[in-house]
Amino acid sequence: MSTTAFTPDLPALHARLQASAPLVQAITNTVVQQFSANVLLAAGAAPAMIDHEADAAQFAGVADGILINLGTASNHQLLAADAAISVASETGKPWVLDPVSVGVVAFRTIKIRQAAAARPTVVRGNASEIAALAGAGAGGRGVDSTDEVDAVLPAAIRLAQTTGGVVAVSGARDAVVAVEGAQARIARIGGGHALMPKVVGMGCALGALVVAYLAAGRALGGERLAGDWAATVAAHAHFALAGAEAGARALGPGSFQVAFVDALHALPSADLARADVQVGTRAL
Amino acid sequence: MSTTAFTPDLPALHARLQASAPLVQAITNTVVQQFSANVLLAAGAAPAMIDHEADAAQFAGVADGILINLGTASNHQLLAADAAISVASETGKPWVLDPVSVGVVAFRTIKIRQAAAARPTVVRGNASEIAALAGAGAGGRGVDSTDEVDAVLPAAIRLAQTTGGVVAVSGARDAVVAVEGAQARIARIGGGHALMPKVVGMGCALGALVVAYLAAGRALGGERLAGDWAATVAAHAHFALAGAEAGARALGPGSFQVAFVDALHALPSADLARADVQVGTRAL
Amino acid sequence: MSTTAFTPDLPALHARLQASAPLVQAITNTVVQQFSANVLLAAGAAPAMIDHEADAAQFAGVADGILINLGTASNHQLLAADAAISVASETGKPWVLDPVSVGVVAFRTIKIRQAAAARPTVVRGNASEIAALAGAGAGGRGVDSTDEVDAVLPAAIRLAQTTGGVVAVSGARDAVVAVEGAQARIARIGGGHALMPKVVGMGCALGALVVAYLAAGRALGGERLAGDWAATVAAHAHFALAGAEAGARALGPGSFQVAFVDALHALPSADLARADVQVGTRAL
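Treat the numbers as computed from the prediction; the structure is a model and nothing was measured.

## Some thoughts on the overall build of chain A
Piece 1. Tallying secondary structure elements over chain A gives ten helices and ten strands in all.
Piece 2. In summary, chain A has a C-alpha radius of gyration of 17 Å against a globular reference of 19 Å for 284 residues, a match within 12%.
Piece 3. With respect to the principal axes defined by its C-alpha atoms, chain A has extents near 45 × 40 × 40 Å.
Piece 4. Intrachain contacts of chain A at a sequence separation of at least 6 include 73% that bridge at least 24 residues.
Piece 5. Total accessible area computed for chain A in this model is approximately 8,700 Å², and 54% of it derives from carbon and sulfur atoms.

Printed below as a string of structure tokens:
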């Protein structure tokens, strides 16, 4: 990977999110609904978990972006997800697919693959999930990740080629990938804290936050794919900074979760410039 | 609004709640179930989230009061809500309707209007929701409120006339309204903290707490509508005091939520007398 | 009850749990999903809340143990529970039944009795629930317990005879019972803190933790029923120690819940040896 002078303007994305308070429709699993909503609120966005099949499409038309996370999806939520994805596809509205446990169980895997075929703006998962969705891994044991980020970068690039969008891999050092022609744009984001995998729903909440940043990024304008990639990087940087801050104050995973929400909320826009973000390109 | 010497005996309501530990059946959205239950427990009530359509009516017969909040209602919860409302209507048991996102999406709006037609003891919502339910507003963008409390007071009064019960509007300075003949009884409750809208489900949990206070108030006896109004004021005062206390200790929305539950639990009954409550009447 | 020299090796069970990170499939109520998952993570296990009827059986085949808690079960979760129980029965995999509110409402009671008839490895409930499931009590008012642990010990023993497994009763001094022939093995676990009943889902999360300890205990080998009993005792001891630790730091139920997760996570294996556990046998 060759490094490049181009760095996304993360503070501007954060400031735009604060100013616009994007409305995020989160069709997400019931384990993490509360935490995801609190993460969105703390970061400056407006969450709405409208997931009834009869209302999902209409609300998708109003929302600034949509999260699809089928972690505990019952049939009504699956119908709602289909409806919301259709609206996103038709309108070009940004949406994120979080492929929780893809490859682990068959029915869910089918549903997640169908969603991925609709070309999500961003796919965000852990290494096992990205590998499984790209057709290159076993899918792990559920929500934990057994593959490392580095090992799945080729799979992430392949997946990004397929969807035409951004692919983000969460791990010790996150990767955010987008492919334009014969070149992959790759960001690696460090920071965070070792307690993060000890709190349920950190990845799921990050997926929700990516939606909010995508909406903010679209409002800033500019080239579509590069902008979506930059917005995804900003969400990861915001998360990593808050994680590091919370880790410095926490006594364990309980107080970490509390301090994390506080830190997400308190972070000044300017601080995003000091995130541990390395960007570069790779010829394919 | 002319002020009046009549002030509800808030400490007595709080003490009665502690002594009786009313059983609250909360048919509520999955985002806020945990927080609502913890708020009820902290305040001295006993929560039960029994929402299966086959059990809802039977449990409604046992519960001391019922909360209906269709924020993420799937079809089985809608059936459970119908059943519980029927029992409440037949038995005269107190119940609260929280019209989350009414007016924002069509199917939900129909369902909430049907529930409102069953004459809830209390309707509690934010300004946008009360306006929409009264037929006077656009419904906001989900759970946040875009109308101010003052602006929707006429709508709240109109809605109270329609339901024959209490209408509560949450905002910077809450309003609790009841109409008897040609006169509206209005309480305004101040306090709370600016972080409250940054925690998901504060309004939803307040709706649950109103149920507990209604049950306590009924146990105290007295004139029905005035008692329900006083109980609703007490719930709002308890919430506002705990919010102010938590705000003084919090570093952000994460620690605010934790401190809020602590403060709800610690509040002595006598402290309710020092809540910022202004009561008065308005001729219609 | 005669006391005996036999004491389960609680530190070894804790250490084994840490080393193996058992995968727990929790089909549990939506009120407590987040907290249960965080408790499992803090204690060293890996939670997965896969509860779709089409995926539940397949995932049960992968999981190290299964929790069935029908506290808010809709029909799809009931189907998932049936499927997972079938897999557990066929494979001999450990599973825990948490009979939330059995006896309180009719439909749920039928479903829980059906699950209990499949002979769960462990039934864990409060005194009212154990009494109701054993056919000896009224079932309380929901999730709180109106019977005392001592009073329901005979019912717990009877239930253990019926299921052939372990029965655990949560209360001020928990009881864990298993019956072999004409002798009941009984452990009583003290500790914990008075704030525990003020946090929703403590019992539900304990049920989830029992699954993790059962899986760890099976990995240690030894006689099946005695091992399952010892593992159940270890889960209760871990919980009680963390509760006491959290209680010493908490200002109320909000900060208690946070400190409890921290304490669960921080507890060294060796500390389990200092839990307040009394074991003995009773001739039947």
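## What to know about the interface of chain A and chain B
Piece 1. Listed per partner, the contact involves 28 residues of chain A and 30 residues of chain B.
Piece 2. Regarding the contact of chain A and chain B, the summed buried area is about 2,300 Å², with carbon and sulfur atoms giving 56% of it.
Piece 3. Between the two partners, chain A and chain B, sit zero salt bridges.
Piece 4. Connecting chain A to chain B are 13 residue pairs in polar contact (both at pLDDT 80 or more).
Piece 5. Of all the secondary structure elements, the ones that give two or more residues to the side of chain A that touches chain B are α2 (33–43), β3 (46–48), α3 (56–62) and α10 (253–266) of chain A.
Piece 6. When residues in the side of chain A that touches chain B are grouped by element, the largest group, six residues, is from α2 of chain A.

## Some details on the relation of the copies chain A and chain B
One copy of the chain maps onto the second through a rotation about an axis and a displacement along it.
Piece 1. Between chain A and chain B, which share one sequence, the superposing operator has a rotation angle of 120° and an axial displacement of 0.0 Å; the RMSD is 0.0 Å. In the structure described here, the two chain copies are related by an operation that fits a three-fold rotation axis. Within chain A, the C-alpha atom positioned nearest to the axis of rotation is that of T30 of chain A, 3.7 Å from it.
Piece 2. Comparing interface residues between copies, only 11% of those in chain A also lie at the interface in chain B; the contact surfaces differ.

## Points about the pattern of salt bridges
Residue and element names in this part refer to chain A.
Piece 1. For the coordinates displayed, the defined rule picks out 21 salt bridges over all chains.
Piece 2. In this structure, the salt-bridge partner of R185 is E180, at a minimum N-O distance of 2.8 Å.
Piece 3. On the basis of relative accessible area, R185 is assigned to the buried category, the value being 19%.
Piece 4. You can call E180 partly exposed: its relative accessible area is 33%.

## Quick notes on the UniProt feature "binding site: ATP" (unreviewed entry) in chain A
Residues and elements named next belong to chain A.
Piece 1. Mapped onto this structure's residue numbering, the UniProt feature "binding site: ATP" (unreviewed entry) falls at R124 and S170. Spanning 47 residues, the named residues nonetheless gather at one spot, since no C-alpha pair among them exceeds 7.4 Å.
Piece 2. Relative to the helices and strands, R124 is located in strand β6 (residues 122–126).
Piece 3. Once you skip the residues sitting within four places of it in the chain, R124 turns out to touch V96, L97, D98, P99, I130, A168, S170, G203, C204, L206, G207 and H236.
Piece 4. For R124, the side chain forms a polar contact with the side chain of D98, separated by 3.0 Å.
Piece 5. Given the relative accessible area of 14%, S170 is considered buried.
Piece 6. Not counting residues up to four positions away in its chain, the partners in contact with S170 are R124, G125, N126, A127, V149, L206 and H236.
Piece 7. A polar contact is formed between the side chain of S170 and the side chain of R124, at a distance of 2.6 Å.

## Section: the packing of aromatic side chains
Residues and elements named next belong to chain B.
Piece 1. In total, this model carries nine aromatic pairs over all chains according to the counting rule given.
Piece 2. Here the aromatic rings of F35 and F260 are separated by 6.4 Å at their centres, their planes lie at 40°, and the arrangement is tilted. Linking F35 in helix α2 (residues 33–43) with F260 in helix α10 (residues 253–266), this pair joins segments that are 225 residues apart in sequence.
Piece 3. The class for F35 is buried, based on a relative accessible area of 3%.

## Here's the deal with unusual backbone geometry
Piece 1. At S101 of chain A, a position not held by glycine, the phi torsion is positive, near 65°.
Piece 2. Structurally, S101 of chain A is set in the loop between β5 (95–98) and α5 (106–117).

## As for the UniProt feature "binding site: substrate" (unreviewed entry) in chain A
Piece 1. With numbering aligned to this structure, UniProt lists the feature "binding site: substrate" (unreviewed entry) at M49 and G201 of chain A.
Piece 2. Within the fold, M49 of chain A resides in the loop between β3 and α3.
Piece 3. In contact with M49 of chain A, other than residues within four places in its own chain, are A26, T28, Q33, S36 and A37 of chain A together with V31, G71 and T72 of chain B.
Piece 4. Note on placement: G201 of chain A falls in the loop between β9 (183–189) and α8 (202–220).

## Observations regarding the packing of helix α8 (residues 202–220) of chain C against helix α9 (residues 224–249) of chain C
All names here are of chain C.
Piece 1. Running from N to C, α8 and α9 point in directions that differ by 135°, and their axes come no closer than 8 Å. Here α8 is positioned oblique relative to α9, judged by the angle of their axes. In this structure, α8 meets α9 at a crossing whose hand is right-handed. Between α8, through M202, A205, L206, L209, V210, Y213, L214 and R218, and α9, the contact on the second element is made entirely by R224, D228, A231, T232, A234, A235, H236, H238 and F239.
Piece 2. Among the residues forming the contact of α8 with α9, the class breakdown is eleven nonpolar, three polar and three charged.

## Thoughts on the interface of chain B and chain C
Piece 1. Taken together, the contact between chain B and chain C spans 28 residues of the former and 30 residues of the latter.
Piece 2. Carbon and sulfur atoms make up 56% of the surface buried where chain B meets chain C, a total of about 2,300 Å² over both sides.
Piece 3. When residues of the side of chain B that touches chain C are traced back to their parent elements, those giving at least two are α2, β3 (46–48), α3 (56–62) and α10 of chain B.
Piece 4. By residue class, the composition of the side of chain B that touches chain C is 13 nonpolar, nine polar and six charged.

## Observations regarding the pairing of strand β7 (residues 166–170) of chain A
Two faces make up the sheet, and in a regular strand the side chains alternate between them.
All names here are of chain A.
Piece 1. With five of its five residues buried, β7 lies for the most part within the structure.
Piece 2. Side chains V166, A168 and S170 of β7 all project onto a buried face; the interleaved residues V167 and V169 project onto the opposite face, where all are buried too.
Piece 3. Bridge analysis of β6 against β7 gives five bridges, and the strand direction is parallel. Opposite V122, over in β7, you have V166 as the bridge partner.
Piece 4. With four bridges connecting them, β7 and strand β8 (residues 174–180) associate as antiparallel partners. Opposite V167, over in β8, you have V177 as the bridge partner.
Piece 5. What sits between the antiparallel neighbours β7 and β8 is a turn of three residues.

## Overview of the pairing of strand β8 (residues 174–180) of chain C
Residues and elements named next belong to chain C.
Piece 1. Among the seven residues in β8, six count as buried, and that is most of the element.
Piece 2. Here β8 pairs with strand β9 (residues 183–189) via seven bridges, running antiparallel. Its bridge partner lying in β9, D174 is registered against I189.
Piece 3. Here β8 folds back onto β9 in antiparallel fashion, the turn holding two residues, of which G181 has a positive phi close to 60°.

Calculation notes
Residues numbered from 1 in each chain as written. Chains lettered and ligands numbered in written order. Predicted model: local features only at pLDDT ≥ 70, side-chain atom pairs only at ≥ 80, totals over all residues. Heavy atoms only, no water. Helix = DSSP H or I, 4+ residues; strand = E, 2+ residues; numbered from the N terminus. Rg over C-alpha atoms; globule rule 2.2 N^0.38 Å. Contact = heavy atoms within 4.5 Å. Areas by Shrake-Rupley, 256 points an atom, 1.4 Å probe, with all protein chains shown as cover. Buried area = accessible area lost by both parts, 1.4 Å probe. Salt bridge = Lys/Arg side-chain N within 4 Å of Asp/Glu carboxyl O. Polar contact = N/O pair within 3.5 Å; in protein donor to acceptor, adjacent residues only side chain to side chain. Least-squares fit on C-alpha atoms with pLDDT ≥ 70 in both. Buried < 20%, exposed > 50% of the residue type's maximum accessible area, 1.4 Å probe, protein only. UniProt positions renumbered as here; feature names shortened; annotations may be inferred. Phe/Tyr/Trp six-rings, centres within 6.5 Å; stacked < 30°, edge-to-face > 60°. Axes fitted to C-alpha atoms, helices over the stretch in contact; angles between N-to-C directions. Parallel < 35°, antiparallel > 145°, perpendicular 65-115°, else oblique. Left-handed = near helix turned anticlockwise from the far one by under 90°. Nonpolar A, V, L, I, M, F, W, Y, C, P; charged D, E, K, R; others polar. Pairing = 2+ DSSP bridges.

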